[in-house]
Amino acid sequence: MNAADTALADGFTTLLATAGDTVTFRGASVSAVVNWMPFEEKAFPNSPDFDREATSRVEFVDGAVSPAPRVGEIITQGTKYHRIQSVRFNGLAWLLDCEVTT
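Values in this document were obtained by computation on a predicted structure and should not be read as measured data. (Residues numbered from 1 in each chain as written. Predicted model: local features only at pLDDT ≥ 70, side-chain atom pairs only at ≥ 80, totals over all residues. Heavy atoms only, no water.)

Observations concerning unusual backbone geometry
A cis amide bond links serine 66 to the next residue, proline 67, at an omega of -5 degrees. The residue proline 67 is located in the loop between β3 (54-61) and β4 (74-77) in this model. (Helix = DSSP H or I, 4+ residues; strand = E, 2+ residues; numbered from the N terminus.)

Rendered as structure tokens:
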């Protein structure tokens, strides 16, 4: 791992420790970063329309869940349900764009 990757990993670990949330995924408690800001829509013909839905981005550190998260799975946070709409891996964490319901 190079110096930049080490710094990013340390920063994400610090973010989880100071601003992380505990969510339930696949029946287990997982530490995650939950961003309640809407994510940017991509202009693809078959993409879902999130204009009227609350959205979130949930980030799990690599290794926190196995196997990899999949589209359609549910992350629970109190009374909120985050349904995964897209899954990306950035080399450090899983980035899960979600539709939120209560």
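Some words on the sheet that holds strand β2 (residues 28-35)
With antiparallel pairing, the 6 strands of this closed barrel are ordered in space as β1-β2-β3-β6-β5-β4. Here the strands of the sheet are splayed against their neighbours by 45 degrees on average, with no regard to which way each runs. Sheet topology places strand β5 (residues 80-89) next to strand β6 (residues 93-101); 8 bridges connect them, and they run antiparallel. The partner of serine 86 across the bridge, within β6, is aspartate 97. Sitting on the sheet, helix α1 (residues 3-19) touches β1 (21-25), β2, β3 and β6, and the angle it makes with β2 is about 100 degrees. (Pairing = 2+ DSSP bridges. Axes fitted to C-alpha atoms, helices over the stretch in contact; angles between N-to-C directions. Contact = heavy atoms within 4.5 Å.)

Some points on the pattern of salt bridges
One pass over the full model with this rule turns up 5 salt bridges. Across the pair arginine 57 and aspartate 97 runs a salt bridge whose closest N-O atoms are separated by 2.6 Å. Taken together, the positions of arginine 57 in strand β3 and aspartate 97 in strand β6 put the pair 40 residues apart, joining distant regions of the chain. The shortest N-O distance in the salt bridge between arginine 88 and aspartate 97 comes to 3.8 Å. (Salt bridge = Lys/Arg side-chain N within 4 Å of Asp/Glu carboxyl O.)

As for the packing of aromatic side chains
As enumerated under the stated definition, the model contains 2 aromatic pairs in all. Between the aromatic rings of phenylalanine 25 and phenylalanine 60, the centroid separation amounts to 5.4 Å while the plane-to-plane angle is 45 degrees, which identifies the pairing as tilted. Linking phenylalanine 25 in strand β1 with phenylalanine 60 in strand β3, this pair joins segments that are 35 residues apart in sequence. In this structure, phenylalanine 25 and phenylalanine 60 share a single accessibility class: buried. A centroid spacing of 4.7 Å and a plane angle of 50 degrees characterise the contact between phenylalanine 89 and tryptophan 94, whose relative ring orientation is tilted. On the basis of relative accessibility, which here comes to 16%, the residue tryptophan 94 falls in the buried class. (Phe/Tyr/Trp six-rings, centres within 6.5 Å; stacked < 30°, edge-to-face > 60°. Buried < 20%, exposed > 50% of the residue type's maximum accessible area, 1.4 Å probe, protein only.)

Quick look at the pairing of β3
Note on strand geometry: in a regular strand, side chains alternate between the two faces of the sheet. In terms of strand pairing, β2 meets β3 through 3 bridges, oriented antiparallel. Paired with asparagine 35 across the bridge in β3 is arginine 57.

Some words on the nonpolar core
Grouped together as the largest cluster of nonpolar side chains are 13 residues, with contacts concentrated most on Val23, Phe25, Val58, Phe60, Ile75 and Leu96. Looking at this core, the elements that each hand over two or more residues are β1, β2, β3 and β6. Those residues in contact with isoleucine 75, other than ones at most four positions away along the chain, are Val23, Thr24, Phe25, Val58, Phe60, Lys80, Tyr81, His82, Ile84, Leu96 and Cys98. (Core = buried A, V, L, I, M, F, W, Y, C linked by side-chain atoms within 4.5 Å.)

Comments concerning the pairing of β4
Of the two faces of β4, only one is covered, namely that formed by Ile75 and Gln77; the face formed by Ile74 and Thr76 stays uncovered. Examined bridge by bridge, β1 and β4 share 2 bridges and lie antiparallel to one another. By the bridge assignment for β4, phenylalanine 25 is matched with isoleucine 75. As judged from the 4 bridges shared by β4 and β5, these two strands associate in the antiparallel manner. When the sheet's bridge partners are listed, glutamine 77 is paired in β5 with lysine 80.

Spatial relationships are all this shows, so hold off on functional conclusions.
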